[in-house]
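Reading the structure
Next come the chains, spelled out residue by residue.
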Amino acid sequence: MTEKEKMLAGKVYSAVDPELTRELMATREVLHEFNALPPSETRRMKEIVKGLLGCVADDEFLINQPFRCDYGKHISIGKRFFANFCFTVLDEAPVTIGDDCFIGPNVSIYTACHSTDPVQRNAREEWAKPVSIGHNVWIGGSVTILPGVTIGDNVTIGAGSVVVGDIPSNTVAVGNPCKVIKKI
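Here we summarise the structure given alongside this text. (Residues numbered from 1 in each chain as written. Predicted model: local features only at pLDDT ≥ 70, side-chain atom pairs only at ≥ 80, totals over all residues. Heavy atoms only, no water.)

Examining the sheet that holds strand 7 (residues 87–90)
Hydrogen bonding along the main chain pairs the strands of a sheet, whether they run parallel or antiparallel. Across the sheet, 5 strands lie side by side as 4-7-10-15-18; this open sheet has parallel pairing. The open sheet terminates on both sides in strands that have one partner only, identified here as strand 4 (67–69) and strand 18 (162–163). (Pairing = 2+ DSSP bridges. Helix = DSSP H or I, 4+ residues; strand = E, 2+ residues; numbered from the N terminus.)

Right, dumping it as C-alpha cells:
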C-alpha cells in the first residue's frame, strides 16, 4: 500500500511521505487564495470551497475566513452549512457534517492521531480516525473535536468543550472532557 492508501485505511503511515506533502502544499495554496479574497467575493469563495471539499450538498453554505484544512477533499458538508471564523479541520480521515450544522468561531476538528511513544512520534508516523457530525448540530466557539468522534443529530456542544468521545442525538453536552448535561 502507498502511504496515502494507508492513511485513508486508518493504518499507521508516514506523515512526511512526498505524495502526501505535495497534496498538503497544494491545499495550502488553494486556502491562501480563499483566505486572501476580499469578503465581498462570496461567489469566488464558494467556487473555491466547492472545488476543495469532497462534497458540498448545496450552495447555501458559508465558511468565514480564515479557514484551514489539510486536504479538503476528505470533508463533506450538508445543506445550509455555516462555519464562523478560524475553522480548522485536519482531515487525514473523512470528516462528515450533516445538514443545518453551525460551527462557532475557533472550532477545530482533528482526525490525525499521534503516538504517545516519542520514538514512534519522532519518526513522523501517525494514523487517522474519521469524525462524523449529524444533522441540526450547533458547535459552540473554541470547541475541539478529537479523532474518531461521532456526534448525533440535534446536538448542542457548549463553547470551549473538548469532545473526546461520542455524543448521542438529542442532547446538550459541555466541558473538558465533554459530557452530556441535558437531553432534548
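Observations regarding the side chain of T171
Among the structural elements, T171 can be located in strand 19 (residues 171–175). Under the relative-accessibility criterion, T171 is labelled buried at 2%. Once you skip the residues sitting within four places of it in the chain, T171 turns out to touch N154, V155, T156, V180, K182, K183 and I184. (Buried < 20%, exposed > 50% of the residue type's maximum accessible area, 1.4 Å probe, protein only. Contact = heavy atoms within 4.5 Å.)

A closer look at the state of the cysteines
Inspection of every chain in the model, using the stated rule, returns 0 disulfides. Note on C55: no disulfide assigned, nearest cysteine sulfur contributed by C101 at a separation of 13 Å. (Disulfide = S-S within 2.5 Å.)

Topic: the sheet that holds strand 1 (residues 13–14)
Pairing is antiparallel in the open sheet, where 3 strands are placed in the order 1-12-11. The strands lining the two open edges of the sheet, one partner per strand, are strand 1 and strand 11 (112–114). Of the pairings in the sheet, the one linking strand 1 to strand 12 (residues 125–128) comprises 2 bridges and is antiparallel in character. Within strand 12, the residue paired with S14 across the bridge is E125.

So, the side chain of K4
Of note, K4 is situated in helix 1 (residues 3–8). Given the relative accessible area of 19%, K4 is considered buried. Contacts of K4, omitting those with residues within four sequence positions, involve E19, L20, E23 and K73.

Some points on the pattern of salt bridges
Inspection of every chain in the model, using the stated rule, returns 8 salt bridges. Where K4 meets E23, a salt bridge forms, and the shortest distance between an N and an O atom there is 2.8 Å. Of the two residues, K4 sits in helix 1 while E23 sits in helix 2 (residues 18–36), which places them 19 residues apart along the sequence. Of the two residues, K4 and E23, both sit in the buried class. Three or more residues joined by partner-sharing salt bridges are found here, namely E33, R43, R44 and E47. (Salt bridge = Lys/Arg side-chain N within 4 Å of Asp/Glu carboxyl O.)

Digging into the pairing of strand 19
Alignment of strand 17 (residues 156–157) against strand 19, held across 2 bridges, turns out to be parallel. Along strand 19, the bridge assignment pairs T156 with V172. Where strand 19 and strand 20 (residues 178–183) come together, 5 bridges link them in antiparallel fashion. Bridging from a neighbouring strand, T171 pairs with K183 of strand 20. Hairpin geometry of strand 19 and strand 20 is characterised by an intervening segment of 2 residues between the two adjacent antiparallel strands.

Points about the environment of V143
When you line up the elements, V143 lands in the loop between strand 14 (138–139) and strand 15 (144–145). The class for V143 is buried, based on a relative accessible area of 0%. Once the C-alpha coordinates of V143 and V89 are considered, the two residues, 54 residues apart in sequence, prove to be 12 Å apart. When neighbours within four sequence positions are excluded, V143 is seen to be in contact with N106, V107, S108, I157, G158, A159, G160, S161 and V163.

Without other data, these values stay purely geometric and don't point to any function.
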